[in-house]
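# Observations on the model geometry
In case you want the letters, here they are:
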Amino acid sequence: MDPFDSNSTERANLPRNMIENSMFEEEPDVVDLAKDSTAFPTFPALDPDEVVYEPRSSRLLVRGLGENDMDEDEEDCESSARLLGMSFMNRSSAHRSNSSPYTRQAPPRSCSRPSARTMVVCVLFLVIVASMTMVLYFLPGCNFTRAGCPKTNKTTPIETVYPISTNGKLFPWAQFRLPQSIHPLSYDLTLTPNLDDMTFTGRTVINMSVHHNTNCIVLHGANLNITKATFKLGDGKASDVTVLEYKPRQQIAVKVSDDLKTGQYCVLTLHYSANLSHTYDGFYNSSYTDKDGKKRVLAATQFEPLSARKAFPCFDEPAFKATFQIQIIRKPNYMTLSNMPKAKSTTLTSGLVQDEFEKTSVKMSTYLVAFIVADFTPISKNVSKTLVSVYSVPEKKEHTDYALSTASKLLEFYNNFFEIDYPLKKLDLVAIPDFLAGAMENWGLITFRETSLLVGKQSSPLEKQVVASVIAHELAHQWFGNLVTMSWWNDLWLNEGFATYMQYMSLQTVFPKLDIGNLFLAVRFRALDKDALNSSHAVSTEVNTPEQVEEMFDSVSYEKGASILLMLNACLLGEQQFRKGIIQYLDQFNESNTDTDGLWNSLTQVEVSTQHLNVSEMMNSWTSQKGFPLVTVSRKGDQVTLTQEHFLLTSDNTTHTSSLWNIPVTYVNDSCSLAPECRQVFTLKTKSGTLKLPESVKWLKLNYRNTGFYIVHYGDEGWDALTAALHSNVSVLTHEDRASLIHNIFALSRLGRVSFHQVLSLLNYMSNETETSPVTEALLQLSNIYRLLDKRQEHGLVSRMKDYILDHFRSLMDKQTWEEEESVSKQELRSALLEMACSLNEENCTQKAKALFKEHVKSNGTIRIPGDLQRVVFTVAAQSDEDWDTLLHMYAHATYDAEKRKMLQGLASTQNARRLVWILKAGLNGDLIQTQELPLVISRVCNGFTGYLFVWDFIQENWDQLIEKFPVGSFAIQTIIKSATSQFSTQAHLDQVQGFFSGLKERGSQMRSVQEALETIRLNRRWMDQNLSTLRKWL
């Protein structure tokens, strides 16, 4: 899936049954076994099928602790104690009977009263006897030798605590992940959507095999009203069964009277009804306005990651692959689509039509199932053995040609490159009017935002690059993700990292004129920026809640995943080594699931160079730990010492790490620095390593063309030498290496390793720079600082920063034209330069933008604004009240979505407070402005001085509505939080953000994006404190 804003390079509910340790805080003799691991090393897993259900109070008592042997089958039903982090009570006097066998009895009346000394002696004797008895009781077999006392081997396992179903009965499963006892083999789905009242009914028949003995079937279902359920074992008779539901984990269960045995087959049939979703997941309703102004409704699906369960009961985890037979009953004026071609259509006596689709020819994960009920129009083309079609609303059919041509060429490329043909008979690409993600890779039925698929006849090459990128990403998923799927969401990068890497690699080969290299370089820089935070995570990381699943869809899984694959490909000798490895990977795990180790092992198996590189050993350091290395260079004579450490922006005693990476360090020097054959490689596995270099070498540049995922610090002398070299000859390094130096020195400034004076010294060469990637990276970094200063109301510094930027880039800005431009790279360059110039109110820029807008309006749109300049022109226009109204009218009547989106960005950039409030509310309401665009609106509003505080208030006031529309942890929520907080740099704002999110509890307080926001504010504050005086001195 592509969750990102595809038109711009800007790019948990907790378990409800958590048992709080505070329940036990008043008990004087509670032992937290999670902490005291030496006392109780392991707890055995429980098979729920063997548990005797005994209702208990909320307190948990230890029946016994031990180390029973546990086989693999039992592991499926491991004790929920591990999940819930329970605390346990010791046996203590407080829990024993009040009577004691050692209580002194009253003496017989015939005996004389003993003396006090006799009483003391007797009591002491009794205490000693009691103590010895207790020791012998609790330590059986202890011989009191140096060998100590043996441990008991067998004891009673901990009792699992099961949740309560909606009907008040115990639910037979206590974990987030489903048990492995039952596996689905096939689904037969019949769905009847009613687009008049926005409801649907369904029948799901699941054929299953029993993998381990059990007496219950646990699967997923959410917001489904199950009206009837039957169960059949083998060839037996179907009988009615009761369905239990546990809503907090969206699980349902059926208990059967007789135990199901390993190897048996069974069938579960469920009838249900539900509402079509009003958000962007599950089986949801959408609408659009046709050319006659009439509202048209449709229904579509978005199941990744956890929403197939909202459309039909299923085993909604990636590893439960099965085949699917789908029937949809519709009104005659609609058409339907699903993963497979339509087998037949039957008119029913009710007048409705039943469309039956072929059974899937491949086993699929549930999140890849898809179906659509709409009135779309296709264009089609045969590619090899596959019918490729592009669907859209009828009014936009003319915008589908480019997508069909692009998809056809990319499908042929992937078939050849992977040496495995696309396995389905058809491949549909469908533009959905209301769609939150950029696109979704459903097997055979890929769904897109309209802006990610449709291209107008006069679209710019930059707009075509956007569409081609998304299509390339989703087609790559047909192999990486669909054919071979990660076993669990912790390895999402196997899907998304690979699809992202192949997206760029394929376009460089198939469409070289799209010049995709600059975009790939930019997203690698942004991945480094995020991964430098302590709040980042490992590429492959633990995932235990729905919110954590949602949060895996981020730049670490996508861009960092792609970046480390690029680095691996670059360090493997021979161009075909990497390709052979991934073909081996696809062959080995075809139609099944795997994990990160499976990939590395496949690549290691085909590594036949003289290096004998152990790919698994090398790459584990990049996927199993968060962050990346900082490589520091120091020279002494002919020796160069390279030292690695964790590049961590937030670093103190509590976050110090001893992480090491296996780094394929590439380098060039002043004697040979441009051609690929100049590149040399040094593998740095330890804390430091040494290489020899002639003393005549003036400078060294590491990370050739920025193919490695690390940052380099050259020391003062090294930076001075590189700065001098660029001043003398800008072409002494590749444009990727120049951009890499700019990115790295800004990152080092943020870390505090170089002064901002050194940053400015390097940038002094920029007046001679003409390539896109160094200029756009420098502008982005300077723009970030400019906005921080602006939001801090450092008016004097803002003015000087403006002068600095214009002084260094004015000559380049003045060279830019305002006519059509065919080169993608030149379009990227001029749009970045002119957007910066106009945002700084550079008069020449703003006057030309205003003039072009007036010409466009006056000509009723016949005088076009070049696609790459539309955003800057609309943004300038929106600063005038009169032109803002004109732009809003244009937006309401525009039909081409890419242009419409740029109008919206312009409208959201106004500095008129009333209009900002209106546009935020309009985005939330979803009428004139689609709610799917709200994250984009918020991002744009936050760029301006007037809007960024309005947005923060808006988010606080409307948080509950936001998380109704966008799931907690989703990429949309991540974007909203980052946009609203990333420009804060004061303690007051830090306290506000921390206070708000800490009060949300299960409504978002634990999100990783919240920790990232807080860390970013602290870093902004630190940078300001350290650099304001330098800025005042040097600007």
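Scoring rules and cut-offs
Think of each chain on its own: its residues are numbered from 1, step by step along the sequence as written. Predicted model: local features are reported for residues with pLDDT of at least 70 only, side-chain atom pairs are reported and counted for 80 or more only, and whole-chain, interface and lining totals are derived from all residues. The basis for every side-chain value is the complete set of heavy atoms in the structure, and neither hydrogens nor water enter the calculation. By definition, any uninterrupted DSSP run of H or I lasting at least four residues is a helix, any uninterrupted run of E lasting at least two residues is a strand, and each is numbered from the N terminus. Partly exposed residues are those whose accessible area sits between 20% and 50% of the maximum for their type, while under 20% is buried and over 50% is exposed, using a 1.4 Å probe and protein chains only. With residues, only the protein chains shown are counted as cover, and all accessible areas are computed by Shrake-Rupley using a 1.4 Å probe. UniProt positions are given in the numbering used here, feature names are shortened, and annotations may be inferred rather than shown by experiment. Between rings of Phe, Tyr and Trp, where Trp is taken as its six-membered ring, a pair exists when centres lie within 6.5 Å; planes separated by under 30 degrees are stacked, by over 60 edge-to-face, and by other angles tilted. Throughout, disulfides are identified as pairs of cysteine sulfur atoms within 2.5 Å of each other. Paired strands, in this sense, are two strands between which DSSP finds at least two bridges. In this description, a line fitted to the C-alpha atoms serves as the axis of each element, helices being fitted only across the stretch in contact, and the angle between N-to-C directions of two axes falls anywhere from 0 to 180 degrees. Any angle from 65 to 115 degrees is called roughly perpendicular, while one under 35 is roughly parallel, one over 145 is roughly antiparallel, and all others are oblique. Throughout, a crossing is termed right-handed when the near helix is turned clockwise from the far one, and left-handed when it is turned anticlockwise from it by less than a right angle. Whether two residues are in contact is decided by their heavy atoms: any pair within 4.5 Å suffices. Each residue is assigned to one class: nonpolar for Ala, Val, Leu, Ile, Met, Phe, Trp, Tyr, Cys and Pro, charged for Asp, Glu, Lys and Arg, and polar for all the others, Gly among them. For this analysis, a salt bridge means a side-chain nitrogen from Lys or Arg found within 4 Å of a carboxyl oxygen belonging to Asp or Glu. Given the number of residues in a helix, its expected span is that number minus one, multiplied by 1.5 Å. Buried residues of nine kinds, namely Ala, Val, Leu, Ile, Met, Phe, Trp, Tyr and Cys, make up a nonpolar core once their side-chain atoms join them within 4.5 Å. Each polar contact in these results corresponds to two N or O atoms within 3.5 Å; when the atoms are within protein, one needs to be able to donate a hydrogen and the other to accept it, and residues that are neighboring in sequence are counted only if both atoms are side-chain atoms.

## As for the overall build of the chain
- Helix and strand content of the chain: 29 helices and 31 strands.
- Residues classed as buried in the chain amount to 58% of the 1035 residues present.
- About 43,400 Å² of surface is accessible on the chain, with carbon and sulfur atoms providing 50% of the total.

## Quick word on the UniProt feature "site: Transition state stabilizer" (unreviewed entry) in the chain
- Listed under "site: Transition state stabilizer" (unreviewed entry) in the UniProt record, and renumbered for this structure, are Tyr-558.
- Within the element layout of this structure, Tyr-558 appears in helix 9 (residues 556–571).
- Judged by relative accessible area, which is 1%, Tyr-558 ranks as buried.

## Points about the packing of aromatic side chains
- With the rule as written, the count across this model stands at 47 aromatic pairs.
- On the basis of an interplanar angle of 85 degrees and a centroid distance of 6.4 Å, the ring pair of Phe-853 and Phe-874 is categorised as edge-to-face. With Phe-853 in helix 19 (residues 843–858) and Phe-874 in helix 20 (residues 870–877), the pair connects residues that are 21 residues apart, well separated along the chain. In terms of burial, Phe-853 and Phe-874 fall into one category: buried.

## A short note on the state of the cysteines
- In this structure the tally under the stated criterion is two disulfides.
- Across a sulfur-sulfur distance of 1.8 Å, Cys-672 and Cys-678 are joined as a disulfide pair. Where Cys-672 bonds to Cys-678 through sulfur, the torsion about that S-S bond is close to -65 degrees, and the disulfide is left-handed.
- Residue class for Cys-672 comes out partly exposed when judged on its relative accessible area of 32%.
- Assessed through its relative accessible area of 9%, Cys-678 is described here as buried.

## A short note on the pairing of strand 9 (residues 251–260)
- Of the strand pairs in this sheet, strand 5 (residues 214–220) and strand 9 are connected by six bridges, and their pairing is antiparallel. Residue pairing in the sheet places His-220 in a bridge with Gln-251 of strand 9.
- Note that strand 8 (residues 243–246) and strand 9 share four bridges and pair antiparallel. For Glu-245, the partnering residue across the bridge sits in strand 9 and is Ile-252.
- If you look at the hairpin formed by strand 8 and strand 9, you'll find four residues sitting between the two strands, and Gln-250 has a positive phi there, around 55 degrees.

## Regarding the packing of helix 7 (residues 517–531) against helix 9
- Running from amino to carboxyl end, helix 7 crosses helix 9 at an angle of 115 degrees, the nearest separation of the two axes being 9 Å. With respect to each other, helix 7 and helix 9 are oriented roughly perpendicular. For helix 7 against helix 9, the interelement crossing comes out left-handed. Across the interface between the two elements, Phe-520, Val-523, Arg-524, Ala-527 and Asp-531 of helix 7 pack against Val-556, Glu-559, Lys-560, Ala-562, Ser-563 and Leu-566 of helix 9.
- Grouping the amino acids of the contact of helix 7 with helix 9 by side-chain chemistry returns six nonpolar, one polar and four charged.

## Some points on the pattern of salt bridges
- Within the structure shown, the criterion is met by 37 salt bridges.
- The partner of Arg-526 in a salt bridge is Glu-777, and the shortest N-O contact between them spans 3.0 Å. You can see Arg-526 sitting in helix 7 and its partner Glu-777 sitting in helix 16 (residues 772–791), a full 251 residues away along the chain.
- You can call Arg-526 partly exposed: its relative accessible area is 24%.
- Relative accessible area serves as the criterion here: at 3%, Glu-777 is assigned to the buried category.

## Some words on helix 16
- In a regular helix each residue adds 1.5 Å, so 20 residues correspond to 28 Å; helix 16 covers 28 Å between its end C-alpha atoms and thus fits that length.
- Where burial is concerned, most of helix 16 is hidden: 16 out of the 20 residues are buried.
- Looking one or two residues past helix 16, Gln-793 carries a phi angle of roughly 60 degrees, positive in sign.

## Here we look at the sheet that holds strand 30 (residues 700–702)
- With antiparallel pairing, three strands are arranged side by side in an open sheet as 28-27-30. The open sheet has two edge strands, strand 28 (680–684) and strand 30, and neither has a second partner. Averaged over all neighbouring strand pairs, the angle between strand axes comes to 35 degrees, with direction disregarded.

## Quick look at the sheet that holds strand 29 (residues 688–692)
- Taken together, four strands build an open sheet; the order of strands is 29-26-25-31 and the sheet is mixed. Pairing within the sheet leaves two strands with one partner each, and these edge strands are strand 29 and strand 31 (711–713). Taken pair by pair, the neighbouring strands of this sheet meet at an average axis angle of 25 degrees, ignoring direction.
- Strand direction decides the pairing type here: strand 26 (residues 639–646) and strand 29, joined by five bridges, are antiparallel. Across the sheet, Thr-643 pairs through a bridge with Ser-688, a residue of strand 29.

## Here we look at the pairing of strand 25 (residues 629–636)
- Strand direction decides the pairing type here: strand 25 and strand 26, joined by eight bridges, are antiparallel. Paired with Val-633 across the two strands is Leu-642, which belongs to strand 26.
- As consecutive antiparallel partners, strand 25 and strand 26 are separated by two residues, and within that stretch Gly-637 has a phi angle of approximately 65 degrees, a positive value.
- In the sheet, strand 25 pairs with strand 31 via three bridges, with the strands oriented parallel. Directly across from Val-631, in strand 31, lies its bridge partner Val-712.

## Overview of the nonpolar core
- In terms of nonpolar packing, the biggest core is built from 314 residues, with Phe-312 and Trp-959 touching the most fellow members.
- Here this core gets ten residues from one element, more than from any other, and that element is helix 4 (residues 401–418).
- Dropping the residues within four chain positions of it, Phe-312 is found in contact with Tyr-187, Leu-189, Thr-204, His-220, Leu-224, Tyr-272, Phe-303, Phe-324 and Val-369.

## A few points about the UniProt feature "active site" (unreviewed entry) in the chain
- Per the UniProt record, "active site" (unreviewed entry) is found at Glu-474.
- Relative to the elements of secondary structure, Glu-474 occurs in helix 5 (residues 461–477).
- Filtering out sequence-adjacent residues up to four positions away, Glu-474 remains in contact with Met-1, Asp-2, Ala-439, Met-440, Glu-441, Ile-446 and Phe-448.
- A polar atom in the side chain of Glu-474 sits 3.2 Å from the backbone nitrogen of Glu-441.

## Focus on helix 12 (residues 615–623)
- Of all nine residues that make up helix 12, seven are buried, and the element is covered over most of its length.
- In this structure, the buried side of helix 12 is in contact with helix 6 (493–510), helix 9, helix 11 (596–605), strand 25 and strand 27 (663–669).
- If you check the start of helix 12, you find a side-chain oxygen 3.1 Å away from the backbone N of Ser-616, and it comes from Asn-614.

## Details of the packing of helix 19 against helix 20
- The N-to-C vectors of helix 19 and helix 20 enclose an angle of 95 degrees; their axes lie 9 Å apart at closest approach. Judged by the angle between their axes, helix 19 and helix 20 are roughly perpendicular. Side by side, helix 19 and helix 20 meet where Thr-846, Ala-849, Lys-850, Leu-852 and Phe-853 of the first sit next to Val-873, Phe-874, Val-876 and Ala-877 of the second.
- When the residues that make up the contact of helix 19 with helix 20 are grouped by side-chain class, the tally is seven nonpolar, one polar and one charged.

## Points about unusual backbone geometry
- For the bond from Glu-304 to Pro-305, the omega torsion is 5 degrees, close enough to zero to count as cis.
- Summarising the element assignment, Pro-305 is placed in the loop between strand 12 (295–302) and strand 13 (323–330).
- With phi around 55 degrees, Glu-419 is a residue other than glycine that occupies positive phi space.
- By secondary structure assignment, the location of Glu-419 is in the loop between helix 4 and strand 20 (426–432).

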